[in-house]
Amino acid sequence: MTDNPEQVRRSVRRWLWIFIVCLVLSGLTAFPLEAETRWLADLLGGGPVAEWFPALADRAAHVHDALAETNARYPFLAYGTDWLAFAHLVIAVAFWGPLRDPVRNVWVIRWAVIACAGVIPLALICGPLRGIPLYWRFIDMSFGVVGVVPLLIVLRGIRRLEWAQAVRTRPMDLTA
């Protein structure tokens, strides 16, 4: 990253947009879960993946069957994942402040870093309670690990912007 504040600001915004787009996509994919799991089960169920990773292919089919059966008998339960999707979209909106003024709204980025860290204990505690296989918990935890990367880059950029603002607003020492 450069020391030019305008280039740093553009970089911070670029990384924020990447994070926002990923949040929105993650939220939107929580709506059509039955169709998505059917596509995944079909993709993993045939060909070399099923031969190399039969447990993964079986799990995908099992998850799809569970969703399809649940949606057929108890469609109101899918309302919970609708709210999950909505939460992702609302969280994405929270990044509007850092896009406009990253220095003043650095707290949003710090909060998001904490949220990414919170994914790990949630997966480790709730995963076994819900019968989620260990390998899938690692996939879930990877969202927090991968998600924190752009946020840490943004925090580094914000520190540079804070430093640049401090240098610009510091009173000159005329006695030197």
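Residues numbered from 1 in each chain as written. Predicted model: local features only at pLDDT ≥ 70, side-chain atom pairs only at ≥ 80, totals over all residues. Heavy atoms only, no water.

A short note on helix α1 (residues 5-28)
- In this model α1 runs 34 Å from its N-terminal to its C-terminal C-alpha over 24 residues, within 8% of the 34 Å that 1.5 Å per residue would give.
- Among all positions in α1, only Val-8, Arg-9, Ser-11, Val-12, Leu-16, Phe-19, Ile-20, Leu-23 and Gly-27 are buried.
- Buried residues in α1 make contact with α5 (78-94), α6 (96-100), α7 (106-129) and α8 (134-169).
- The N-terminus of α1 is capped by Asn-4, whose side-chain oxygen sits 2.9 Å from the backbone nitrogen of Glu-6. (Helix = DSSP H or I, 4+ residues; strand = E, 2+ residues; numbered from the N terminus. Expected span 1.5 Å × (residues − 1). Buried < 20%, exposed > 50% of the residue type's maximum accessible area, 1.4 Å probe, protein only. Contact = heavy atoms within 4.5 Å. Polar contact = N/O pair within 3.5 Å; in protein donor to acceptor, adjacent residues only side chain to side chain.)

A short note on the packing of aromatic side chains
- Here the structure, examined in full by the defined rule, presents 4 aromatic pairs.
- Considering the side-chain rings of Tyr-74 and Phe-76, the 6.2 Å spacing of their centres and the 80 degrees angle between planes classify their relative orientation as edge-to-face.
- The exposure class of Tyr-74 is partly exposed, given its relative accessible area of 35%.
- On the numbers, 5.4 Å between centres and 85 degrees between planes, the contact of Trp-83 with Phe-86 is edge-to-face. (Phe/Tyr/Trp six-rings, centres within 6.5 Å; stacked < 30°, edge-to-face > 60°.)

Some thoughts on a nonpolar patch on the surface
- Together, Trp-17, Val-21, Leu-25, Leu-28, Phe-31 and Trp-96 give the surface a local cluster of nonpolar side chains, amounting to about 630 Å² of exposed area.
- Per-element tally for the nonpolar patch: the top contributor is α1, with 4 residues.
- Position of Trp-96 among the secondary structure elements: in helix α6.
- The class for Trp-96 is exposed, based on a relative accessible area of 52%. (Patch = residues over 30% accessible without salt bridge, like charges linked within 9 Å, V, L, I, M, F, W, Y side chains within 5 Å. Areas by Shrake-Rupley, 256 points an atom, 1.4 Å probe, with all protein chains shown as cover. Salt bridge = Lys/Arg side-chain N within 4 Å of Asp/Glu carboxyl O.)

Overview of the side chain of Thr-37
- With respect to the helices, strands and loops of the structure, Thr-37 is situated in helix α2 (residues 33-45).
- In this structure the side chain of Thr-37 is engaged in a polar contact, spanning 3.1 Å, whose partner is the side chain of His-64.
- Apart from the residues lying within four places of it in its own chain, the contact partners of Thr-37 are Ala-60, Val-63, His-64 and Leu-67.

What about the state of the cysteines?
- Tallying each qualifying case throughout the model produces 0 disulfides.
- The structure places no disulfide on Cys-126, whose sulfur is separated from the nearest cysteine sulfur, that of Cys-116, by 17 Å. (Disulfide = S-S within 2.5 Å.)

Section: the environment of Val-119
- Structurally, Val-119 can be placed in helix α7.
- Separated by 59 residues in the primary sequence, Val-119 and Ala-60 have C-alpha atoms spaced 22 Å apart.
- Leaving out residues up to four positions away in the same chain, Val-119 has contacts with Asp-140, Met-141 and Gly-144.

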